[in-house]
2 protein chains.
Amino acid sequence: MKIAIPLYDRFTSLDAVGPYEALSRLPGAETVIVAERTGPVPDTVGSLSVVATATFDEVTDPDVVVVPGGPGQRHQMSDGPLHRWLRAVDAHTTWTTSVCTGSLILAAAGLLRGRRATSHWLAVDQLAEYGVTAVADRVVVDGKYVTSAGVSAGIDMALGLAERIAGERTAQEIQLMMEYDPDPPHDAGSREKAPAAVVEQLLAQREQRLAGARPATPAVAEGALS
Amino acid sequence: MKIAIPLYDRFTSLDAVGPYEALSRLPGAETVIVAERTGPVPDTVGSLSVVATATFDEVTDPDVVVVPGGPGQRHQMSDGPLHRWLRAVDAHTTWTTSVCTGSLILAAAGLLRGRRATSHWLAVDQLAEYGVTAVADRVVVDGKYVTSAGVSAGIDMALGLAERIAGERTAQEIQLMMEYDPDPPHDAGSREKAPAAVVEQLLAQREQRLAGARPATPAVAEGALS
């Protein structure tokens, strides 16, 4: 069971590490961090780099691919090494998956055409531009394509994948070892549940970013999306 | 607001990256990955390394310290560079915190004596050896010392810290940008909620490890604890 996580500059760390933590613990799993070049790949905040130990050329037949999102995604939307690699390995994968705006990269690479998929709540609408049916769910499974919503949703996706790959019991063991019994201080993690003022502020910041303006309010969490 | 995350060989990636993802997005936050030496620090699975960009000597006055856990913790229990650094910076911190078995390191460094603290459910009992009152909660706050349970509990801890540092509104924005609206496929993330057979198997594996034996069953999730 080979699991490949492709990175690019300004990915979101938790998008990659959440699924990594669950999937790399599957019995027999061999996980590789892959990128255009080997060496440190800086995340979007810029304070953390994860080391890619293999180039795209060196990883030819992963069983599972997990594409993280992050602001760097916007520079991965045209044909290039990542798209070519994704299309090539997708011919061999059992599961082609993404977290957050990673689904936009899969979509732009042409792999989600005609399928249902999700993304970060502030980006999910963009999937339609690539012939994808956008679904605002936390995890969307369409055939072997599994996409998840923003950042932390990759953990839930990975536990579901672990179950499909290795069975319920193994998935539960992994969950218990990760002590994934979530208890956030507020129930504010989705567009529907967060206070309206918080949702509106983040929507306004997105509009400012899309318009090319620097948001007036310090964008606390700007890094998380495209 | 300087946030320091000290790493050591065989830390657990999500222990470090969960809190990083939330705290590094605080307005004005400056986050640094610190270790005895700069360069890649391999995690416990061995497939992912995070780059330390500063040595302990170079980080003298962080406001927040987050100590991750992981199997490498067992090699950080005697006096050494990490303990000395923790004691030195603790004199300046606003918050000294840990995830998973990171609390055992804080305890061994003498920083939790007489306090209440938590740890990974398979390790929390060990806190008593260091004069700490072990509490099997997900997040335990005692003065400026905030400890969290296994691996994923660091995310909940960090959102609570974000609120104490920057207010409820900012914490909710960060949560919504991380889309932290958890929905695991099973409710199996705690000792109380997981099926008894799963709990018993992991307890038996721990006994085998403590006895120095290699567990007969492939330890799916062995990496997560000491």
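Residues numbered from 1 in each chain as written. Chains lettered and ligands numbered in written order. Predicted model: local features only at pLDDT ≥ 70, side-chain atom pairs only at ≥ 80, totals over all residues. Heavy atoms only, no water.

Asks: Looking at this model, I keep getting lost on the relation of the copies chain A and chain B. Mind explaining?
Replies: The operation linking the two copies of the chain is a rotation about an axis combined with a translation along the axis. Its rotation angle being 180°, the transformation that places chain A on chain B also includes 0.0 Å of axial translation and leaves an RMSD of 0.0 Å. Taken together, the rotation and translation relating the two chain copies correspond to the operation of a two-fold axis. No C-alpha of chain A approaches the rotation axis more nearly than that of A:V50, which lies at 2.4 Å. Mapped onto chain B, 100% of the interface residues of chain A are again interface residues, and the two copies thus contact each other with one and the same surface. (Least-squares fit on C-alpha atoms with pLDDT ≥ 70 in both. Contact = heavy atoms within 4.5 Å.)

Asks: What is the right way to look at the pattern of salt bridges in this model?
Replies: All names here are of chain B. Inspection of every chain in the model, using the stated rule, returns 18 salt bridges over all chains. The salt bridge involving R138 is made with D156; its shortest N-O contact spans 2.5 Å. With R138 in the loop between strand 9 (133-134) and strand 10 (139-142) and D156 in helix 4 (residues 153-166), this residue pair connects regions lying 18 residues apart in the sequence. Assessed through its relative accessible area of 12%, R138 is described here as buried. The class for D156 is buried, based on a relative accessible area of 3%. Across the pair R206 and E207 runs a salt bridge whose closest N-O atoms are separated by 3.6 Å. A residue is classified by how much of its surface remains accessible, and R206, at 18% relative accessible area, is buried. (Salt bridge = Lys/Arg side-chain N within 4 Å of Asp/Glu carboxyl O. Helix = DSSP H or I, 4+ residues; strand = E, 2+ residues; numbered from the N terminus. Buried < 20%, exposed > 50% of the residue type's maximum accessible area, 1.4 Å probe, protein only.)

Asks: Mind showing me how you'd approach the pairing of strand 7 (residues 95-99) of chain A here?
Replies: One face of the sheet, then the other: side chains in a regular strand alternate in exactly this way. All names here are of chain A. Of all 5 residues in strand 7, 5 are buried; the element is thus mostly enclosed. Residue alternation in strand 7 divides its side chains into two sets, W95, T97 and V99 and T96 and S98, and both sets are buried. In this sheet, strand 7 lies alongside strand 6 (residues 64-67) in parallel orientation, the contact comprising 4 bridges. Its bridge partner lying in strand 7, V64 is registered against W95. (Pairing = 2+ DSSP bridges.)

Asks: Help me understand the sheet that holds strand 7 of chain A in this model?
Replies: Either a parallel or an antiparallel arrangement is found when strands of a sheet pair, and the pairing is made through backbone hydrogen bonds. All names here are of chain A. On the basis of which strands lie adjacent, the open sheet formed by 7 strands has the order 5-2-1-6-7-11-10 and mixed pairing. The two strands at the open ends of the sheet, each matched to only one other strand, are strand 5 (54-55) and strand 10 (139-142). As paired strands, strand 1 (residues 2-6) and strand 6 are joined by 2 bridges and run parallel to one another. Among the inter-strand pairings, A4 is bridged to a residue of strand 6, identified as V65. Strands strand 6, strand 7, strand 10 and strand 11 (145-148) of the sheet are contacted by helix 4 (residues 153-166), whose axis makes an angle of about 165° with strand 7. (Axes fitted to C-alpha atoms, helices over the stretch in contact; angles between N-to-C directions.)

Asks: What should I look at first to understand the UniProt feature "domain: DJ-1/PfpI" (unreviewed entry) in chain A in this one?
Replies: According to UniProt, the "domain: DJ-1/PfpI" (unreviewed entry) feature falls on residues 1-163 of chain A. Taken end to end, residues 1-163 of chain A has its terminal C-alpha atoms 14 Å apart, with 24% of it in helix and 26% in strand. (UniProt positions renumbered as here; feature names shortened; annotations may be inferred.)

Asks: Can you help me understand the sheet that holds strand 10 of chain B in this one?
Replies: Residues and elements named next belong to chain B. As summarised here, the arrangement of the 7 strands in space is 5-2-1-6-7-11-10, forming an open sheet in which the pairing is mixed. The open sheet is flanked by strand 5 (54-55) and strand 10, the only strands paired with a single partner. Sheet topology places strand 7 (residues 95-99) next to strand 11 (residues 145-148); 4 bridges connect them, and they run parallel. By the bridge assignment, T97 is partnered in strand 11 with V146. Strand contacts of helix 4: strand 6 (64-67), strand 7, strand 10 and strand 11, with the helix running at about 165° to strand 7, the strand carrying the most contacts.

Asks: Would you mind showing me how to read the interface of chain A and chain B here?
Replies: Often, the extent of an interface is quoted as the loss of accessible area on bringing the components together. Taken together, the contact between chain A and chain B spans 73 residues of the former and 73 residues of the latter. Both faces combined, the contact of chain A with chain B buries some 6400 Å², and carbon together with sulfur accounts for 62% of it. Across the contact surface, chain A and chain B share 2 salt bridges. A:K193 serves as the salt-bridge partner of B:D181, at 2.7 Å between the closest nitrogen and oxygen. (Buried area = accessible area lost by both parts, 1.4 Å probe.)

Asks: Help me understand the nonpolar core, please; the structure alone is not making it clear to me.
Replies: In a soluble, globular protein the nonpolar side chains are often hidden away together inside. Among the nonpolar cores identified, the biggest contains 124 residues, and A:W85, A:L86, B:W85 and B:L86 are the most heavily contacted of them. When sequence neighbours within four positions are dropped, the list of residues in contact with A:W85 reads A:A4, A:P6, A:V34, A:F56, A:V59, A:P62 and A:V65. (Core = buried A, V, L, I, M, F, W, Y, C linked by side-chain atoms within 4.5 Å.)

Asks: Help me understand the packing of helix 1 (residues 13-23) of chain A against helix 4 of chain A, please; the structure alone is not making it clear to me.
Replies: Two packed helices can be described by the angle between their axes and the distance between those axes. Residue and element names in this part refer to chain A. At a minimum axis separation of 8 Å, helix 1 and helix 4 run at an interaxial angle of 25°. Taken as axis vectors, helix 1 and helix 4 run roughly parallel relative to one another. Between helix 1 and helix 4 the crossing geometry is right-handed. Here helix 1 contributes G18, P19, A22 and L23 to the contact with helix 4, which in turn contributes G154, I155, A158, L159, L161 and A162. (Parallel < 35°, antiparallel > 145°, perpendicular 65-115°, else oblique. Left-handed = near helix turned anticlockwise from the far one by under 90°.)

Asks: Could you clarify how one ought to interpret the packing of aromatic side chains in this entry?
Replies: Where two aromatic rings form a pair, the distance of their centres and the angle of their planes describe that pair. All names here are of chain A. Per the counting criterion, the structure on display carries 2 aromatic pairs over all chains. With a centroid separation of 5.2 Å and 25° between ring planes, the pair formed by F56 and W85 is classed as stacked. Note that F56 is positioned in the loop between strand 5 and strand 6 and W85 in helix 2 (residues 81-90), a separation of 29 residues in sequence. For the residue pair F56 and W85, the accessibility class agrees, reading buried in each case. (Phe/Tyr/Trp six-rings, centres within 6.5 Å; stacked < 30°, edge-to-face > 60°.)

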